[in-house]
Structures are given as C-alpha cells and as structure tokens.
Amino acid sequence: MTLLRSQSSRLTLRLSRDLTRSLKRGHPWVFVDALRDLPPAPPGTPALLLDNTRGRPIAAGFYDPESSVTFRACRVDEPLRLNDDWAATRFEQAIALRSRLFDEHTTGYRLFNGEGDGLPGLVCDRYADVAVLKLDGPAASGFWDIDGIAAWLVENAGVESVVERRKQRGREGREGRWLIGTRAPLIEFREHGVKFTADVINGQKTGFFLDQRDNRQAIRRMSRDSRVLNVFSYTGGFSVLAGIGGAKHVTSVDSAEPAIAAADAHWLLNGLPPDAHAGIAVDAFEFLDEARLNRRKWDVVIIDPPAFAPSEATVARAVTAYRKLAFNGAAICERGGLLALASCSSHIDSQTFREACEEGISEARRRATLLAMHSQPPDHPTPLAMPEFRYLKFALLRCE
Ligand code: SAH
C-alpha cells in the first residue's frame, strides 16, 4: 500500500521573490508569479522549492503548472522528504485531533481537512464506518494515491467502506464511486446523539453539511416554543435540531425534492411529531418574496444558501444576493425573533458579509443585534496564516 504516487521529489522549483517567512509561518501556497520558471511536468509531481537568493531548499510539496496555485507546500521542516511515512504521520495527527473532539455520540465528522491538517488537497469525511475521500483537482489526484489511502483507512482508522467523490463542477458529475466495500449509499450516523443519514454517493458535498454542526447546536438552544423557518434546508440539519430544541413547528424549504424528502425522513427518524414539520420543495428566492408580500412571520429564520461567490469575479453579484436574503429574512422575522444568516463563499470575508447583512436588514427598515458571529467547527481546521480558508460565516442576530 502506498499513500503517495511518487516517493521522491526529482523536480526543483525556484522562487522569484522571498516567501520564506510566509511558508515557514504556515501559508502553504505559492502562486505562479512567485516562481522563476515553470518546467514541464504533470500536475501533482512532487517538487522541492528553493529560495530566491541562495537556492536553499525551503519546502517540499507538489507542483501544478496548470493552476495559479502552482506549488502547494507539504512540509517546511527538516528533512524535506515526502514519502509514505510523512503522510502516515500526518494522517495519525489528524485522527488524534478528532479523537479529542468527539465521542461515540458524534460519528459524522471531517477526518482530513486538506491544508488545515497539513494535507494539501486531501479531504476525508467520515460517516460511521464509511470514509468519503475527495481530492481537490488534478494536482492533488496526481500526488495522492487514492487507492492506497483508502486501504490505509480500512487498516488504521476503523472504517469498512471507502468512497471517492470528484470535485463538483456545477451540478453535474458529483456521483461518487466505491473504492472499497460497496454497499447501499445511505449511511446513518450521529451528531451529538441526533440521527442523520448521508447519501455518500449522490448527496451534496460528501453527503451532509458537517461544517454547520456547532451552528446547529446554537439553533437547538434557541428554538424552544418557536415557529422556525429553515431556508435552503438541504436534508433538514437545522430543522431537526430546532425540533429537538423544542420548536412548536418547523418549515424546511429547498428546491431539491430529494433533500426535502430526506428532511422529512430525518425528522421522523428522531421521533419528532410528524405534523410539526412541513417540507416544501420550491425556489427559496420566490418563497421568501411571497412570504414577505403576504406578511408572514416566524420566530426563528435560518438562511444558509449555497456558495454564491465561487470566484473573485462573482463577489459583487454574491453581495447583492446576500443583501437580498438579509432583506427578506428581516422582513419575515418577528420583532425580537432570531435571524441566522450564513455564507459559505470563500471569496466573501466576514466583514463584507456582515456589511451585506446590515444593508439588507436596514432596507427592510429593521435593526438587528449581533448575538454571535460563528465560523466552522474544529474538525474543519485551517492554517492560522491562511484566514482566507475560513470560508464559513454564520451571523446570529436578534431582529428588533
Ligand atoms: N443548510 C443546509 C445546507 C444548505 S446547502 C444544511 O445545514 O445542511 C444549500 C442548499 O440550497 C442545497 O440543498 C440546494 O439544494 C439548495 N438550493 C440551491 N439553490 C436553491 C434555490 N434557488 N432555492 C431553494 N434551494 C436552493
């Protein structure tokens, strides 16, 4: 079993400017304009990075001549060897962190979070005894040996089946394939004792939005005796936690019919009263406009849309969309009610998002108090030197 497709770095790359400090501080990316030349080599070729002055080696990682992130550092310590022992040590460290974070009541979590675990481009989510691997593009696929990693996980991490998910392009081509231990795709797992299922082959992301776990707990704590609206609900994560927290009634809205069917199923799976949940498969923007025009109101409104800004170029349009959602969210929130607004766009920083929320809420002639600004949970770690990797924003507001 091998974890890396190649055990040595024969390629050397030379920096054209001084990035030593940034790399040593833990920012693992080198962009194309910081390299002196771009030798021809396939994406994912292991490479040794030399500094711009005396040509001393400062990092070992892998190369992608086709991407603007042209070099991704795996290690900056001595010795700069990239081999299976290095990879296995990083895997063990990642697993050790999760054993600190979770007990038997939480069996769905992220096991490897790419750069945040010192494993550039490699993501692995775990649902009970199933691991779902995701490699971030052709360079990661060229560098990591996905079949070997799957075998390692079975041997060392107590999983029985492993799935590969390809990076999503649009809505197409996101089905997974079993690498080991083929079985039915719906996997049951627990989150703080609450039961959920993930469709690891056809579901969005790797089957569930594990990154909202702590924010779901916040909703659980604040939903007692409330009427709750969960917009962009997917399979009802927030809805079920609101129900468990004592909500009187929860409405889940998502345009995907299978997601709404799963939200209904998750509600029942946890023994909640069937008539206290309504799943509605419609367009969320239309639903919100109509609810506002009909002066409908909820005590708790959660709005967690898909990423609107997949690239720098789409930021302006995304800000407009967040503003519009905050506008509608505030309009349909009772006075003194709770409004939760989320963004998972990595190109929108926390400040920009907060401002978009503020704009939208004030357009609705409402005012809000910020109760908390949350991000992603500790099984989604990021390098301290890479704030841009903290993609999740979750603003908890009280709407006056
Ligand atoms: N809140 C969810 C994750 C939401 S992901 C959770 O915690 O699990 C975004 C969701 O928005 C997806 O389920 C997707 O199906 C849905 N979606 C995307 N565009 C939509 C639209 N125009 N109207 C309604 N739902 C939409």
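Treat the numbers as computed from the prediction; the structure is a model and nothing was measured.

Caption draft 1: Molecular detail of the site of the ligand. For the ligand, the set of nearby residues contains 17 residues, the closest of which are Asp254, Ser255, Asp283, Ala284 and Asp304. Between the ligand and glutamine 204 there is a distance of 3.1 Å, counted from an oxygen atom to a side-chain nitrogen or oxygen. Out of a free accessible area of 580 Å², the ligand has 94% covered by protein chains.

Caption draft 2: Layout of the sheet that holds strand β16 (residues 298-303). Taken together, 7 strands build an open sheet; the order of strands is β15-β14-β13-β16-β17-β19-β18 and the sheet is mixed. The sheet is open, and its two borders are formed by β15 (277-280) and β18 (368-374), each paired with just one other strand. Sheet twist, expressed as the average angle between the axes of neighbouring strands with direction ignored, equals 15°. Relative to strand β13 (residues 227-231), helix α8 (residues 284-293) is tilted by about 145°, and along the sheet it contacts β13, β14 (249-253), β15 and β16. Helix α10 (residues 350-363) rests against β17 (333-343), β18 and β19 (393-399) of the sheet, and its axis sits at about 145° to β17.

Caption draft 3: Summary view of the nonpolar core. Counting 36 residues, the largest nonpolar core has Phe91, Phe112, Leu122, Leu133, Trp144 and Leu153 as its most contacted members. Among the secondary structure elements, those contributing two or more residues to this core are β4 (57-63), α2 (84-101), β6 (108-113), β7 (122-127), β8 (130-135), α3 (137-143) and α4 (146-156). Residues from two domains meet in this core; each of domain 1 (11-75) and domain 2 (84-184) gives at least three. Apart from the residues within four sequence positions on either side, phenylalanine 91 is in contact with Leu3, Phe112, Leu119, Leu122, Trp144, Ile149 and Trp152. Ala284, Ala291, Leu325 and Ala395 belong to the second largest nonpolar core, which has 35 residues in total.

Caption draft 4: Up close: the packing of α8 against helix α9 (residues 315-331). The interhelical angle for the contact between α8 and α9, taken along N-to-C directions, is 40°, at an axis separation of 9 Å. In this view, α8 runs oblique relative to α9, as classed from their interaxial angle. Helix-helix and strand crossings are classified by hand; for α8 and α9 the assignment is left-handed. Residues Phe285, Leu288, Asp289 and Arg292 of α8 touch α9, and the partners they reach there are Lys324, Leu325, Phe327, Asn328 and Ala331. Looking at the contact of α8 with α9 residue by residue, the class counts come to 5 nonpolar, 1 polar and 3 charged.

Caption draft 5: Summary view of the packing of aromatic side chains. Here the structure, examined in full by the defined rule, presents 20 aromatic pairs. Considering the side-chain rings of phenylalanine 196 and phenylalanine 208, the 4.8 Å spacing of their centres and the 45° angle between planes classify their relative orientation as tilted. Here phenylalanine 196, found in strand β12 (residues 194-199), pairs with phenylalanine 208, found in the loop between β12 and α5 (213-221); they are 12 residues apart in sequence, far enough to count as distant. There is no split in this pair, since phenylalanine 196 and phenylalanine 208 are both buried. Among the aromatic residues, those joined into a ring-pair cluster are Phe62, Trp86, Phe91, Phe112, Phe143, Trp144 and Trp152.

Caption draft 6: View of the domain arrangement of the chain. Domain annotation for the chain reports domain 1 (11-75), domain 2 (84-184) and domain 3 (210-399). With 5 residues of domain 1 in contact, the opposing surface of domain 3 contributes 5 residues. For the pair domain 1 and domain 3, the two sides together bury roughly 380 Å², of which 75% comes from carbon and sulfur. Area buried by domain 1 at its contact with domain 3 is led by Gly26, His27 and Trp29, which between them contribute 76% of it. Put simply, domain 1 and domain 3 have 0 salt bridges between them. Applying the counting rule to domain 1 against domain 3 returns 1 residue pair in polar contact (both at pLDDT 80 or more). Here the side of domain 1 that touches domain 3 is built from residues that sort into 2 nonpolar, 2 polar and 1 charged.

Caption draft 7: Region of interest: α2. Between its first and last C-alpha, α2 extends 26 Å over 18 residues, near the 26 Å set by a 1.5 Å rise per residue. Within α2 the residues assigned to the buried category are Asp84, Trp86, Ala87, Ala88, Arg90, Phe91, Ala94 and Arg98. Contacts made by the buried residues of α2 are with β5 (69-75), β6, β7, α3 and α4.

Caption draft 8: The pattern of salt bridges, seen in detail. In total, this model carries 20 salt bridges according to the counting rule given. One connected set of salt bridges, linked through shared partners, spans Arg72, Glu115 and Asp136.

Caption draft 9: Quick peek at the state of the cysteines. The full count for this structure, using the stated rule, is 0 disulfides. This cysteine, cysteine 333, is not joined by any disulfide, and cysteine 399 carries the nearest cysteine sulfur, 4.4 Å off.

Caption draft 10: Main features of the pairing of β16. Counting buried positions along β16 gives 5 out of 6 residues, so the element sits mostly inside the fold. Note that β13 and β16 share 4 bridges and pair parallel. In the sheet register, valine 231 faces β16, and the bridge partner there is isoleucine 303. Of the pairings in the sheet, the one linking β16 to β17 comprises 5 bridges and is parallel in character. Within β17, the position partnered with isoleucine 302 by the bridge is alanine 340. On the question of chirality, the crossover connecting β16 to the parallel β17 by way of α9 is right-handed.

Basis of the calculations
- Residues numbered from 1 in each chain as written.
- Predicted model: local features only at pLDDT ≥ 70, side-chain atom pairs only at ≥ 80, totals over all residues.
- Heavy atoms only, no water.
- Near = heavy atom within 4 Å.
- Polar contact = N/O pair within 3.5 Å; in protein donor to acceptor, adjacent residues only side chain to side chain.
- Areas by Shrake-Rupley, 256 points an atom, 1.4 Å probe, with all protein chains shown as cover.
- Pairing = 2+ DSSP bridges.
- Helix = DSSP H or I, 4+ residues; strand = E, 2+ residues; numbered from the N terminus.
- Axes fitted to C-alpha atoms, helices over the stretch in contact; angles between N-to-C directions.
- Contact = heavy atoms within 4.5 Å.
- Core = buried A, V, L, I, M, F, W, Y, C linked by side-chain atoms within 4.5 Å.
- Buried < 20%, exposed > 50% of the residue type's maximum accessible area, 1.4 Å probe, protein only.
- Domains from an automatic or database assignment.
- Parallel < 35°, antiparallel > 145°, perpendicular 65-115°, else oblique.
- Left-handed = near helix turned anticlockwise from the far one by under 90°.
- Nonpolar A, V, L, I, M, F, W, Y, C, P; charged D, E, K, R; others polar.
- Phe/Tyr/Trp six-rings, centres within 6.5 Å; stacked < 30°, edge-to-face > 60°.
- Buried area = accessible area lost by both parts, 1.4 Å probe.
- Salt bridge = Lys/Arg side-chain N within 4 Å of Asp/Glu carboxyl O.
- Expected span 1.5 Å × (residues − 1).
- Disulfide = S-S within 2.5 Å.
- Right-handed = clockwise from strand over helix to strand, strands pointing away.

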